[in-house]
Amino acid sequence: MKIAVEGCAHGELDAIYGAIRCLEERENVKIDLLICCGDFQAVRNEDDLGNLACPAKYRSMNTFWKYYAGKEKAPYPTLFIGGNHEASNHLWELFYGGWVCPNVYFLGFAGVIRFGGVRIGGLSGIYKSHHYHLGHYECQPYSENDMRSIYHIREYDVYRLKKIQEHMDIFLSHDWPRGISAHGNEKRLLKSKPYLEEELLKNTLGSPPAEELLNHLRPSYWFSAHMHTKFAALVSHDGRRRPQSNNGSAEHETTSILRTGGNDQSSMQCTRFLALDKCLPGRDFLQIVDIPTPPNTSMQFEYDEEWLAITKACHSFFPLQRVRAAMPSRPVDLQADRAWVKERLRERGTSAVPSNFVVTAPPYDPTPSTPDRSSSGGMATPRRPRHIANPQTLAFLEMLDLPYLLDHSAKVDRNVSGPWLWPHSRTPDWTLQFDGTPPASSCPSNPSDMGRSASQHRLSSREKPVQSSEEIASALDVSQPVDGEVEDEEEDDYIPL
Ligand SMILES: [Zn+2]
């Protein structure tokens, strides 16, 4: 299987798909899957743009919205994780993963999925120590600080990824695992990014939890972005250093690292790491990776049984408060949940992820005559969106018999005119799916139905009776304040071009 790996996407879907088409022609290859390593910017409209944490000069609609609005169709199955410049309100709707538009799948805040038999895991966001141990407390509408903290990774998600025992083919993180530079050509890295010298000396470049995950999961490949440069490294997990070329061109180094080993036992003991640049002309933002798959493999996204069991087993202590979240002191036993998930997938008859994308917010309308766009250079003044319970998430939780916890307020505005909780929608036509049919019958037809399915999701007898974050907190006795001060003023996590 040929996978095109992209560094930061920054909402430039037209340019990325165009580059892949050129590559296919030039190299005479056929790309089966595109993977984007964060800063995807799934911005649907001006309101999403208002939730994007980045310097104002980089705040631009770019081209994702066209795919969301059905004006363009993603030509390649596309998988992505979140970075530190995202429409986080949109990604929060799909915390467990889901379609952001037809053919483009978000892996979730943490997740594992299979595509063509290849197992791909990932962790969205970037590491900041002062938010790491907290719950996912950010509540819509987001404050300026929430917009910057929501993409800081949380221990809960890393904890879940550390429960994985089975082999991982590919893992994705936006920021690099700490210490990774020591396994590649640091000299070349410092040539392109001289300001990193101190961090390299102190071994503070990168994410410590990602380093822990690298050592635990030992995936065959690890792809990252964030630093806006291309960098390849080979990590040996058996203590033996494998010879690698540090002399030729960057291209030669990358190729030799990606070709190290095959699928034999010894290559299972090393991880081929590759970070890529952002999508800009003349930059190294794209790389084709060839992963052997059995013939006639079905090229579709499929749920991962072990990950579904972990999701189910860890759901009762999903932390949603701004306090230090306690992880279970005793190991979570996955056996019963694994058997349950296996049976549920058997009943379903397939592990395939359903194609159940639906529009949940009005797509951007570039018509200059649209009201409320007279100021700010033709862009409407963004509103801070409220919570939307995405029907894909409700269906996923229903499949696993889990309660819906993503609405912090658990209150739904009953006085809205549109069917999707959007108080100021301009026209109702964006509630149609792309083939022009109305939303699936599983989707609530009015806001009060949505409220019921969100806040009164039925608990089965198998589910532990924990319904709110307060109950979870008190059940786990986690209400103690966080050690030290939590910074309220967040800096921009912007990486220079
Ligand atoms: Zn970026």
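See the structure shown above.
So, a few notes on the structure that sits alongside this text. (Residues numbered from 1 in each chain as written. Predicted model: local features only at pLDDT ≥ 70, side-chain atom pairs only at ≥ 80, totals over all residues.)

## Comments concerning the overall build of the protein chain
Step number 1: When its secondary structure is counted, the protein chain shows 16 helices and 13 strands.
Step number 2: Of all 497 residues assigned to the protein chain, the portion counted as buried reaches 43%.
Step number 3: For the protein chain, the share of sequence-separated contacts (at least 6 apart) that also reach a separation of at least 24 residues comes to 80%. (Helix = DSSP H or I, 4+ residues; strand = E, 2+ residues; numbered from the N terminus. Buried ≥ 20, exposed ≤ 12 C-beta atoms within 10 Å, placed from the backbone. Contact = placed C-beta atoms within 7 Å.)

## Brief notes about the pairing of strand β4 (residues 98-101)
Step number 1: Relative to strand β5 (residues 104-106), β4 runs antiparallel, the two being bridged by three bridges. From the neighbouring strand, G98 faces β5, where its bridge partner is F106.
Step number 2: Hairpin connection from β4 to β5: two residues lie between these consecutive antiparallel strands, with N103 at a positive phi of about 75 degrees. (Pairing = 2+ DSSP bridges.)

## Some details on the sheet that holds strand β3 (residues 78-80)
Step number 1: Taken in spatial order, the six strands of this open sheet run β4-β5-β3-β2-β1-β12, and their pairing is mixed. Every interior strand has two partners, whereas the edge strands, β4 and β12 (286-290), have only one. With direction set aside, neighbouring strand axes in the sheet form an average angle of 30 degrees.
Step number 2: The pairing of β3 with β5 spans three bridges and is classified as parallel. Residue pairing across strands places L79 opposite Y105, the latter belonging to β5.
Step number 3: In the packing of helix α1 (residues 13-27) onto the sheet, contacts are made with β1 (2-6), β2 (33-36) and β12, and the angle to β12 comes to roughly 55 degrees. (Axes fitted to C-alpha atoms, helices over the stretch in contact; angles between N-to-C directions.)

## What to know about the packing of helix α12 (residues 305-314) against helix α13 (residues 335-348)
Relative orientation and spacing of two packed helices are given, respectively, by the angle between their axes and the distance between those axes.
Step number 1: Across the interface, α12 lies against α13 with an axial gap of 8 Å and an inter-helix angle of 120 degrees. One way to sum up the angle between α12 and α13 is to call them oblique. Handedness of the α12/α13 crossing: right-handed. Contacts between α12 and α13 involve E305, L308, A309, K312 and A313 on the former and, on the latter, D337, R338, W340, V341, K342 and L345.
Step number 2: Among the residues forming the contact of α12 with α13, the class breakdown is six nonpolar, no polar and five charged. (Parallel < 35°, antiparallel > 145°, perpendicular 65-115°, else oblique. Left-handed = near helix turned anticlockwise from the far one by under 90°. Nonpolar A, V, L, I, M, F, W, Y, C, P; charged D, E, K, R; others polar.)

## A closer look at the environment of E93
Step number 1: The residue E93 is located in helix α4 (residues 88-93) in this model.
Step number 2: Looking at E93, the number of C-beta atoms within 10 Å reads 23, which means it is buried.
Step number 3: If sequence neighbours within four positions are ignored, E93 has contacts with T360, I388, N390 and T393.

## Side note on helix α11 (residues 250-258)
Step number 1: Of all the positions in α11, only E253, T254 and I257 are classed as buried. Summarising the axial view, the buried residues of α11 lie within an arc of 95 degrees, below the 170-degree limit, and thus occupy one face. Across from the buried face of α11, at angles greater than 90 degrees, the exposed residues are E251 and H252.
Step number 2: At its buried positions, α11 is contacted by β10 (231-236), β11 (270-275) and β12. (Arc of directions from axis to C-beta.)

## A short note on α13
Step number 1: Look at α13: 20 Å from first C-alpha to last across 14 residues, which is about the 20 Å you get at 1.5 Å a residue.
Step number 2: Positive phi appears at G349, one or two residues downstream of α13, with a value of about 85 degrees. (Expected span 1.5 Å × (residues − 1).)

## Here's the deal with the environment of Y68
Step number 1: Relative to the assigned elements, Y68 resides in helix α3 (residues 64-68).
Step number 2: A sequence separation of 26 residues divides Y68 from A42, and the C-alpha atoms of the two residues are 8.5 Å apart.
Step number 3: Discounting residues that sit within four places of it in the chain, Y68 has contacts with R44, V100, C101 and P363.

## Here's the deal with the sheet that holds strand β9 (residues 221-224)
By way of backbone hydrogen bonds, the strands of a sheet pair with one another, either parallel or antiparallel.
Step number 1: Here we have seven strands laid out as an open sheet, ordered β10-β11-β9-β8-β7-β6-β13, and mixed in their pairing. Edge strands, defined here as strands with exactly one partner in the open sheet, are β10 and β13 (301-303). Between one strand axis and the next, the sheet turns through 25 degrees on average, direction left out of account.
Step number 2: Pairing between β10 and β11: six bridges, direction antiparallel.

## Points about the packing of helix α7 (residues 155-162) against helix α10 (residues 208-217)
Step number 1: Remark: α7 packs on α10, axes separated minimally by 10 Å, with the N-to-C direction vectors making an angle of 5 degrees. Between α7 and α10, the interaxial angle falls into the category roughly parallel. Facing α7, whose interface residues are V158, L161 and K162, α10 presents P209, L213 and H216.
Step number 2: Among the residues making up the contact of α7 with α10, the classes are represented as four nonpolar, one polar and one charged.

## Points about unusual backbone geometry
Step number 1: The omega torsion across Q140 and P141 is 0 degrees, close enough to zero to call that bond cis.
Step number 2: Among the secondary structure elements, P141 is positioned in the loop between α5 (129-132) and α6 (144-149).
Step number 3: Its identity as a non-glycine residue notwithstanding, H10 has a phi of 45 degrees, on the positive side.
Step number 4: Its location among the elements puts H10 in the loop between β1 and α1.
Step number 5: For H10, a count of 26 C-beta atoms within 10 Å translates into the label buried.
Step number 6: In this structure, N62 is a non-glycine residue whose phi angle is positive, near 50 degrees.
Step number 7: In this fold, N62 is placed in the loop between α2 (46-50) and α3.
Step number 8: Judged by the 19 C-beta atoms lying within 10 Å of it, N62 is partly exposed.

## Here we look at the pairing of β11
Step number 1: Among the six residues in β11, six count as buried, and that is most of the element.
Step number 2: The alternating pattern of β11 places C270, R272 and L274 on one face and T271, F273 and A275 on the opposite face, and all of these are buried.
Step number 3: Two elements, β9 and β11, share four bridges in a ladder whose sense is parallel. Across the sheet, S224 pairs through a bridge with A275, a residue of β11.

## Some words on the environment of A225
Step number 1: Considering the arrangement of structural elements, one finds A225 in the loop between β9 and β10.
Step number 2: Linking A225 and W176, residues 49 residues apart in sequence, is a C-alpha distance of 7.2 Å.
Step number 3: If we ignore the near neighbours within four places in the chain, the residues touching A225 are G7, C8, C37, G38, D39, G83, H174, A275 and L276.

## Here we look at the nonpolar core
Step number 1: Core analysis: the largest hydrophobic core is formed by 111 residues, its most contacted members being I35 and F223.
Step number 2: Beyond its immediate sequence surroundings of up to four residues, F223 is in contact with V5, I35, C37, I170, L172 and L274. (Core = buried A, V, L, I, M, F, W, Y, C linked by C-beta atoms within 7 Å.)

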